[in-house]
Amino acid sequence: MSVVEISYIRAVNEALAWALARYPESIIFGEDVALPNGPFGATKGLRARFDERVFDTPISESAMVGTALGAAVSGLRPVVEIMYGDFLLVAMDQIVNQVANARYVSNGALVPRLTIRTQQGATPGSCAQHSQSLEALFAHIPGLRVGLASNAVDAYEMLRAAIASDDPVLIFESRRLYAQKAAVALDGPLEAVSGSRVVAEGGDVTVVSWGAAVSDVLTARTALDERGVHATVVDLRWLSPLDLNPVFDSVARTGRLAVVHEANTTGGFGGEIVARVVEEMGSQLTAAPVRIGARDCRMPAAPSLSAALLPTPDRIAAELMTLVAPTGAPAS
Amino acid sequence: MSVVEISYIRAVNEALAWALARYPESIIFGEDVALPNGPFGATKGLRARFDERVFDTPISESAMVGTALGAAVSGLRPVVEIMYGDFLLVAMDQIVNQVANARYVSNGALVPRLTIRTQQGATPGSCAQHSQSLEALFAHIPGLRVGLASNAVDAYEMLRAAIASDDPVLIFESRRLYAQKAAVALDGPLEAVSGSRVVAEGGDVTVVSWGAAVSDVLTARTALDERGVHATVVDLRWLSPLDLNPVFDSVARTGRLAVVHEANTTGGFGGEIVARVVEEMGSQLTAAPVRIGARDCRMPAAPSLSAALLPTPDRIAAELMTLVAPTGAPAS
Amino acid sequence: MSTLEAPAHLLALYEQMYTIRAFEEQVMELLRIGEITGSTHLCIGQEAVPVGASAVLQASDAVIATYRGHGWAIARGVPLAALFAELMGRASVLCDGRGGSAYFMAPDHGFLGENSIVGAGVPMALGAALARRFQRRDAIGLVSIGDGAMNQGAVHESLNMAAVLAVPLVVVVENNGYVEMTPSQALTAKPAHVRAAAAYGIESVLVDGNDPDAVGAAVERARATAIGSQRPFLIEAETHRLVGHYSGDLQAYRPPGELDAARLREPLVRLAATISDDEATDAVRARVARLLAEELDVARRVPPANPERALVGLYAGPER
Amino acid sequence: MSTLEAPAHLLALYEQMYTIRAFEEQVMELLRIGEITGSTHLCIGQEAVPVGASAVLQASDAVIATYRGHGWAIARGVPLAALFAELMGRASVLCDGRGGSAYFMAPDHGFLGENSIVGAGVPMALGAALARRFQRRDAIGLVSIGDGAMNQGAVHESLNMAAVLAVPLVVVVENNGYVEMTPSQALTAKPAHVRAAAAYGIESVLVDGNDPDAVGAAVERARATAIGSQRPFLIEAETHRLVGHYSGDLQAYRPPGELDAARLREPLVRLAATISDDEATDAVRARVARLLAEELDVARRVPPANPERALVGLYAGPER
Ligand SMILES: Cc1ncc(C[n+]2csc(CCOP(=O)(O)OP(=O)(O)O)c2C)c(N)n1
Ligand SMILES: Cc1ncc(C[n+]2csc(CCOP(=O)(O)OP(=O)(O)O)c2C)c(N)n1
Ligand SMILES: [Mg+2]
Ligand SMILES: [Mg+2]
């Protein structure tokens, strides 16, 4: 088994190379992905290796997604890169009204076997049009699969699963994690598009998170550990399909639930998680659940402002402490 | 005070006429709104009366919304009609990345004083691209105001409030209610963009709903009444700003919460309501809250299929009965 | 073409166009009596476009149409009974009632589907065409759109992208004079849509959309260009819709005399005049009427779409 | 223009262009030393376009640019200190640090803002132009976009709509040869963007975008057409970006010699050669350098954007 220590973005690159090698019908396209090797390097070297199966497109996101759909239902296996998650909105009709409908409305006669890769989130200085976390919009759309990779291993495995799947899958990567490294097994078994994962265990509180926020939760968790509070952290990985079993199991033990995501709170997917847990096992909660997301606001460019809105590890830790010890007394 | 018995669509028409008369800077545009009097008649007679301030546009929803924004920040007060809610997706970038950002990012220097009117929902035979209920996508977007009118009075009052507001407001009408009549006071005081409303009172369960689903809830409520179960029904009216005080008050009395919307359940705004109620007053709930929405699916055209997916009055009544009397024993 | 063949060829075109016409007249009746529910968009008056085009298309070509797509589906060979059943909300072999009149698919017949978002079929057709190029299938993607659709951004993105990526895409603009209830010339600045094509370096042609042979010749040329030189092509077909935009349209916007004039130029009347053999055309119409009655009969025996299947097949993978 | 005036006029253009150049070179330095955070798009090499255009624009005209918009803002008169402060994430009078380098607004200076969604400023400029027509202000909406933006659907929708609705919209396409890291000709089928305009019946002109007077003349003509006959106008300005697409761009994609050749044609070098008075141009540069130092100084004394204000002003109405 070849295990390599590689960055998140390199893991994406390896998954794409794997797909091109494995599926002769796969193609990869997007803006600057071929000759320039990808705006973030995700497609580095692929044009050179796979020739015209990797190609550049004009800045035409609607046409790009529609092209992926038409090609998919004609037997290709397209992977289209949308440079920033914010630009999904330019192609929203194609994603929702076209891609999501194809299989169901055709009663299975059309197979929209395509993957849309993008990256999202705020980084210091990024403007309001390049910093949103928009997964909730897509997790509400039946017919789409939606996943967020919080680390290099998942960046590799979830993308492979997405490309292998017969369903249309939207993968949100995180550019602020692109440089983070992990040991990735390149020839492990192919995963399915499903499954959340317990990434840390603790008996005091269950924290559900996904995407880049998972790493902030883990940072906060370390701070909590030092204060004697132990959190189970569930990385949801896929919002669709939604696997809440590990969450239910953990909440049954901890009695306390927090959901953390980088998207702004109101209307975010955190509400769905809270609702499901309460519907399923409300009586087992010993405290009101807590959602920790960005404040409901546009994302300002100034780092001092965005930091005040985002769910930073400090804020996460503070809110978790309040959840565990609501009186303000130190828990230990 | 002139109170007239008019249909929902006529109420929309009256509100538009009111706005054109009151605000010389107001303009109204959209597809087929001027010479053809509007695809559903909302703009009937307005072109004749207000001349070029009411005009037809090409089928270019992105350009239409962007035009509204540019005109608004230049001092006009545009009202743009998007024929079906599903077509908002074609203009999604303009709505989210442009309109929602204008005021905040400019620190108030730009005033996006515009209204987007649309109508949504499934009607028998309507295809998957003409039947979605998409309010949750927009209620998640900070910077937008979002309202849904469930009756002719609100169609009039909420639209007036929207047009009068300095914020960008998205109004979802319901074409299946367009023919419903009510007594509308045409010269009442102008409302603000805010406020939910208790439309029926009862001590057994609190049902929160909005848009067309409210009328289904009221139908279900009548059936419940006959079985001795009495529901308080809160018509949320505005999802942004969100006024949950009447909900909290009612839940404090009933201990039971149901949220009903026509949109599919997962990721719908019902999750937000459940989360807020549980966060605020979880311990006062005597039963797990219930969300009643469309099944998570695309909307098929065949009436027999769509009926199986939508939250019909029968299904609402049945689910409310289960909530109130979970053992299946008749409540009385 | 010999003098003997000519009438046979023309009669075949007449039969196909009349089949579409009679099918849609039957649909109007089914709407009236409540056997079809929901708004429906008919192509009455525009039949020459799909019929002329389909005469030269191959099974491997992919076609996408708009909500006004019954004619395209029929011309591509979709069985009438199945189509009736689909429109009637029955468990049809097409989409099991999920598509309805405005959004059904029949990929087995080279018909990737209708589309009810104006202009949105063009990107998808671009992808279908691209796939065919990758697969070296010597086939095209053809999309029919209305003239109003030329005002949707996605259409322009696709035209440019098809040209840049060298994709065998053929766009047929059915210019029927109206965009819903608004005359086309009020909404489109371009003197002709072919000019738009030229801006992308795309070859194009303006044809009489009421003449199936003229349409066929244009599609033949477009197909040859698309496959031979991997270049997209645009055809503007001038025609006229003889009915309302949708089933409930009262057509108050029509100037007096317009319809009468259009009826003189409409494809069935014109082709019957060319054929000039009343006996033959009467016979065709009688045969089609019989066929339709039978097909409708078959459709009526298809059970209504089964609500228990309403949630089936949203995903290929695990449902939840 | 007398021989005395000519140099004064040219020197004024030189000074404005050099101000933009020196401002952006300072921005590069501020990025390097960490006083500006985040990716930044410079217009170095393209200064003649905003300067030439702004020379003929009026205060009542509305301008919208892209993320590459520092030059437009400066040419419209936005104070340098405020702009520095905005880019530095300080509590600037422009947007209080909310906009940053890629998305700030200064409507008081007739600058409705930058836009970081490619092409998305065009619909908004259309609306600004429409408002001006309704208000009978004899003013235009002008939007600058890149050549790559011509491939966004919203741009085409807007061109057609502006023509149909008779709106005084002027679109300036700054063709700088690249779309991020991809050469423009690889992505655009059109031989020239002016052809696209023609498809909508829109008048257009292709100008040397490195010559501020040529740009000015084109904008003057466009403005006259837009106001005089309420018709949109498109200007394609050929220019070249002398730096990377954004601050982190290593420009590996450039063919050897390209930059050297471009530097011979760049607007400052060219205008200096025309002026051909080293003493005068040296003096201008020295004056600008002093001014910039002062303005930067002022900016550095502006406090960082106040996190306590981060949530203020999302809505005009009640916050929740
Ligand atoms: C994006 C979008 N906007 C608006 C509509 C509503 N609509 C349906 S058909 C139509 C007119 C289309 O006109 P045209 O393209 O000329 O085709 P025709 O109906 O004449 O065949 C409109 C506006 C839609 N379906 N999709
Ligand atoms: C809708 C959208 N897609 C992609 C991008 C990413 N992007 C930013 S600038 C750019 C290239 C634009 O090229 P051009 O229009 O020629 O302008 P230039 O940068 O050369 O000034 C791209 C693809 C974006 N900002 N918005
Ligand atoms: Mg038409
Ligand atoms: Mg460029």
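Residues numbered from 1 in each chain as written. Chains lettered and ligands numbered in written order. Predicted model: local features only at pLDDT ≥ 70, side-chain atom pairs only at ≥ 80, totals over all residues. Heavy atoms only, no water.

Scanning chain A for helices and strands turns up eleven helices and 14 strands. In terms of overall size, chain A behaves like a compact globule, its C-alpha atoms giving a radius of gyration of 20 Å where 332 residues would be expected to give roughly 20 Å. Viewed in the frame of its principal axes, chain A has a C-alpha envelope of about 65 × 45 × 40 Å. Within chain A, buried positions represent 74% of all 332 residues. Considering only residue pairs separated by 6 or more positions, chain A has 80% of its internal contacts joining residues 24 or more positions apart. As presented, chain A carries roughly 8900 Å² of accessible surface, and 50% of it is formed by carbon and sulfur atoms. Chain A carries 26 positive and 35 negative side-chain charges, and their two centres are separated by 2 Å. (Helix = DSSP H or I, 4+ residues; strand = E, 2+ residues; numbered from the N terminus. Rg over C-alpha atoms; globule rule 2.2 N^0.38 Å. Buried < 20%, exposed > 50% of the residue type's maximum accessible area, 1.4 Å probe, protein only. Contact = heavy atoms within 4.5 Å. Areas by Shrake-Rupley, 256 points an atom, 1.4 Å probe, with all protein chains shown as cover. Lys, Arg positive; Asp, Glu negative; His and termini not counted. Charge placed at Lys NZ, Arg CZ, Asp CG, Glu CD.)

The next point concerns the overall build of chain C. Scanning chain C from N- to C-terminus turns up eleven helices and eight strands. Its C-alpha atoms give chain C principal-axis dimensions of roughly 60 × 50 × 45 Å. For chain C, with 320 residues in total, the buried portion stands at 63%. If you take every contact in chain C between residues at least 6 apart in sequence, the share linking residues at least 24 apart comes to 73%. Of the roughly 11100 Å² of accessible surface on chain C, 53% is carried by carbon and sulfur atoms.

Attention now goes to the site of ligand 2. Near ligand 2, the surroundings consist of 22 residues, among which Glu-61 of chain A together with Tyr-67, Arg-68, Gly-148 and Asn-176 of chain D are the closest. The contact in question runs from an oxygen atom of ligand 2 to an N or O atom on the side chain of Arg-68 of chain D, over 2.7 Å. Its free accessible area being 580 Å², ligand 2 has 97% of it covered by the protein chains. (Near = heavy atom within 4 Å. Polar contact = N/O pair within 3.5 Å; in protein donor to acceptor, adjacent residues only side chain to side chain.)

Let us now look at the interface of chain B and chain A. Facing the 44 residues of chain B at the interface are 44 residues of chain A. Counting the surface lost from both chain B and chain A, the interface buries some 3900 Å², and carbon and sulfur atoms represent 57% of this. Per-residue buried area on chain B facing chain A is highest for Tyr-104, His-140 and Arg-298 of chain B; these three make up 20% of the total on that side. Where chain B touches chain A, the interface holds four salt bridges. Between Arg-291 of chain A and Glu-279 of chain B there is a salt bridge, and its shortest N-O distance comes to 2.6 Å. In this assembly, chain B and chain A are joined by 32 residue pairs in polar contact (both at pLDDT 80 or more). It is helix α4 (residues 92-105) of chain B that contributes the most residues to the side of chain B that touches chain A, nine residues altogether. Residue composition of the side of chain B that touches chain A, by class: 23 nonpolar, 13 polar and eight charged. (Buried area = accessible area lost by both parts, 1.4 Å probe. Salt bridge = Lys/Arg side-chain N within 4 Å of Asp/Glu carboxyl O. Nonpolar A, V, L, I, M, F, W, Y, C, P; charged D, E, K, R; others polar.)

Here we come to the sheet that holds strand β11 (residues 231-235) of chain A. Residues and elements named next belong to chain A. Judged by pairing direction, the sheet is mixed, and its five strands sit side by side in the order β9-β11-β10-β13-β14 without closing on themselves. Since the sheet does not close on itself, it has two edges, and those belong to β9 (197-200) and β14 (290-294), each with one partner. Taken pair by pair, the neighbouring strands of this sheet meet at an average axis angle of 25 degrees, ignoring direction. Direction of pairing for strand β13 (residues 257-264) relative to β14: parallel, over a ladder of four bridges. Bridging across to β14, Val-259 finds its partner in Arg-291. Of the strands in this sheet, β9, β10 (205-209), β11 and β13 are in contact with helix α7 (residues 213-226), which crosses β11 at around 170 degrees. (Pairing = 2+ DSSP bridges. Axes fitted to C-alpha atoms, helices over the stretch in contact; angles between N-to-C directions.)

Looking now at the coordination of the magnesium ion (ligand 4). Residues and elements named next belong to chain D. For the magnesium ion (ligand 4), the protein coordination sphere consists of Asp-147 (OD), Asn-176 (OD1) and Tyr-178 (O), at 2.0 to 2.2 Å. Sequence positions of the donors to the magnesium ion (ligand 4) reduce to the motif D-x28-N-x1-Y. Here Asn-176 lies in the loop between β4 (169-175) and β5 (178-179) and Asp-147 lies in the loop between β3 (141-146) and α6 (153-164), a separation of 29 residues in the sequence. (Donors = N, O, S within 2.8 Å, 3.2 Å for Na, K, Ca; no water.)

Each partner contributes to the interface: chain C provides 41 residues, whereas chain A provides 44 residues. Taking both sides of the interface into account, the surface hidden between chain C and chain A amounts to around 3400 Å²; carbon and sulfur atoms contribute 63%. For the pair chain C and chain A, the number of links is 15 residue pairs in polar contact (both at pLDDT 80 or more). Tallying contributions element by element places helix α5 (residues 121-134) of chain C first for the side of chain C that touches chain A, with ten residues. Along the lines of polarity and charge, the residues of the side of chain C that touches chain A split into 24 nonpolar, eight polar and nine charged.

Superposing chain B onto chain A takes a rotation of 180 degrees plus a shift of 0.0 Å along the axis, which leaves an RMSD of 0.0 Å. Such a combination of rotation and displacement between the chain copies is what one expects of a two-fold axis. By C-alpha distance to the rotation axis, the residue of chain B lying nearest is Gly-271 of chain B, at 2.3 Å. (Least-squares fit on C-alpha atoms with pLDDT ≥ 70 in both.)

Contacts to ligand 1 come from 22 residues, most closely from Glu-61 of chain B together with Tyr-67, Arg-68, Gly-148 and Asn-176 of chain C. For ligand 1, an oxygen atom lies 2.9 Å from a polar atom in the side chain of Asp-147 of chain C. In the shell around ligand 1, the residues fall into ten nonpolar, seven polar and five charged.

Bringing the nonpolar core into the picture now. Grouped together as the largest cluster of nonpolar side chains are 368 residues, with contacts concentrated most on Phe-138 of chain A together with Phe-138 of chain B. Take this core: its biggest share by element is twelve residues, from helix α1 (residues 5-32) of chain C. Not counting chain neighbours up to four residues away, the residues in contact with Phe-138 of chain B comprise Leu-88, Met-92, Ile-95, Leu-144, Val-146, Leu-170 and Phe-172 of chain B. (Core = buried A, V, L, I, M, F, W, Y, C linked by side-chain atoms within 4.5 Å.)

All right, on to helix α9 (residues 258-265) of chain D then. Residues and elements named next belong to chain D. Every buried residue belonging to α9 is among Glu-258, Leu-259 and Ala-262, and all of these are buried. With its buried residues spanning 90 degrees around the axis, α9 presents them on a single face. Residues Asp-260 and Leu-264 are exposed on α9 and point more than 90 degrees away from its buried face. Where α9 is buried, its residues touch β5. (Arc of directions from axis to C-beta.)

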